[in-house]
Amino acid sequence: MKTGILLTNLGTPDTPTKSALRRYLSEFLSDSRVVDPPNKLIWWLVLNVVILNIRPKKSAKIYAKIWDKIGTGSPLLSITKLQLQGVKKTLLKQHENLVFEIGMRYGNPSISSALDKLRAQGCEKIIVLPLYPQYSNTTTLSTLDTINQTLSSWTQKPKIAFIEYYYDNDGYLQSLANSVLEHQTKHGKPDKLMISFHGIPQRYVDNGDVYYDHCIGTARLLAKKLDLDESDYLFSFQSIFGRELWTKPQTKERLEALASNGVAHIQVICPGFSADCLETLEEIECENRDYFIQAGGRQFSYIPALNDRNDHIKMLIDLISIHL
Ligand SMILES: C=CC1=C(C)c2cc3[nH]c(cc4nc(cc5[nH]c(cc1n2)c(C)c5CCC(=O)O)C(CCC(=O)O)=C4C)c(C)c3C=C
Ligand SMILES: [Fe+2]
Ligand SMILES: [Fe+2]
């Protein structure tokens, strides 16, 4: 019997161009787990008449800045490939009959194409690891939706093991702590460590999305591992989209307030991103650095995502192995 290992992530445009961004954003922003509008018809009009005529050009320019920065093409896809290679190299030494694929929720390679490849290789069981440490309906559940949608047309269903989250996993927290300490041996200790997560609309949290609790859980557990006092670190949300109220506090506002209050040296870590991507390499390393420095801050550095660090690959293997 063959078992498939499927690593999934959010996905990325095929190229940093207006037309590719239009396709990617159209798929992304039509997902009702991501944008759950009070009025679907109005949202369809806003998306198709306004957003998809403005944002693709703007986003393409920002993607172009980070394209080829890590490997070739989109950093998110390049890093996910490295993560798969790392997991595959070790697991193939320990187990026979394993096959491996990557599936992206939006764009390519799609989750359904990855599942089809696993089926073609004769997998009777598939272990799905969405590379989102913190569970959210907008990301994790949306991934599960796509898997169920694909399987609904299959006549023979494989057994599915779906790893929902690992925000409190000790190996994950230890890898984050190791990455902070390694960064600090090179760049020194900051006045404050900022722990920043991608935001979601506050309404989703009010309606029961556990994402906020998972983020604060990771932040507190990481602070504990690093032996930090409450005053040594901050917790915030970045990547706000649209006009609705999103989870607070906002990374940008916190950085500006800190700089105005005389905090000179900041380090930022984004534990919700298992791989560096647009939201870390551009939004944090460029945009938010500028907000901090322009508000009077002196030293700003971004602590890279866990990417294909050995300790990260090992903890991913441990997570998968529970289901083997
Ligand atoms: C519109 C609402 C959005 C929600 C809700 C949302 C949640 C969410 N996203 C991530 C991870 C990533 N998001 C990325 C890019 C990105 N996110 C949104 C919007 C929402 N995200 C947009 C429109 C974009 C595209 C870029 C842009 O035009 O601004 C990425 C980067 C992908 C890449 O190719 O590098 C990641 C990763 C999480 C974890 C999350 C909720 C928990
Ligand atoms: Fe996002
Ligand atoms: Fe962003």
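Residues numbered from 1 in each chain as written. Chains lettered and ligands numbered in written order. Predicted model: local features only at pLDDT ≥ 70, side-chain atom pairs only at ≥ 80, totals over all residues. Heavy atoms only, no water.

- If you look the protein up in an unreviewed UniProt entry, it shows as Ferrochelatase from Candidatus Ruthia endofausta.
- The annotation that UniProt attaches to the protein under Sequence similarities (unreviewed entry) is "Belongs to the ferrochelatase family."
- The annotation that UniProt attaches to the protein under Subcellular location (unreviewed entry) is "Cytoplasm". (UniProt positions renumbered as here; feature names shortened; annotations may be inferred.)

### Concerning the site of ligand 1
Here comes step 1: Taken together, the neighbourhood of ligand 1 is formed by 26 residues, with Thr12, Arg55, Ser59, Tyr63 and Leu278 sitting nearest.
Here comes step 2: Separating an oxygen atom of ligand 1 from a side-chain N or O atom of Thr12 is a distance of 2.6 Å.
Here comes step 3: In this structure, Ser59 approaches ligand 1 through a side-chain N or O atom, which is 2.6 Å from an oxygen atom.
Here comes step 4: Notes on ligand 1: free accessible area 800 Å², of which the protein chains cover 95%.
Here comes step 5: Elements with a contribution of two residues or more to the shell around ligand 1: β1 (2–12), α1 (18–29), α2 (40–66), α5 (137–151) and α10 (278–294).
Here comes step 6: For the shell around ligand 1, the element with the most residues is α1, which contributes four residues.
Here comes step 7: Along the lines of polarity and charge, the residues of the shell around ligand 1 split into 17 nonpolar, seven polar and two charged.
Here comes step 8: Shared between two domains, the shell around ligand 1 takes at least three residues from each, and those domains are domain 1 (2–166 + 310–321) and domain 2 (170–303). (Near = heavy atom within 4 Å. Polar contact = N/O pair within 3.5 Å; in protein donor to acceptor, adjacent residues only side chain to side chain. Areas by Shrake-Rupley, 256 points an atom, 1.4 Å probe, with all protein chains shown as cover. Helix = DSSP H or I, 4+ residues; strand = E, 2+ residues; numbered from the N terminus. Nonpolar A, V, L, I, M, F, W, Y, C, P; charged D, E, K, R; others polar. Domains from an automatic or database assignment.)

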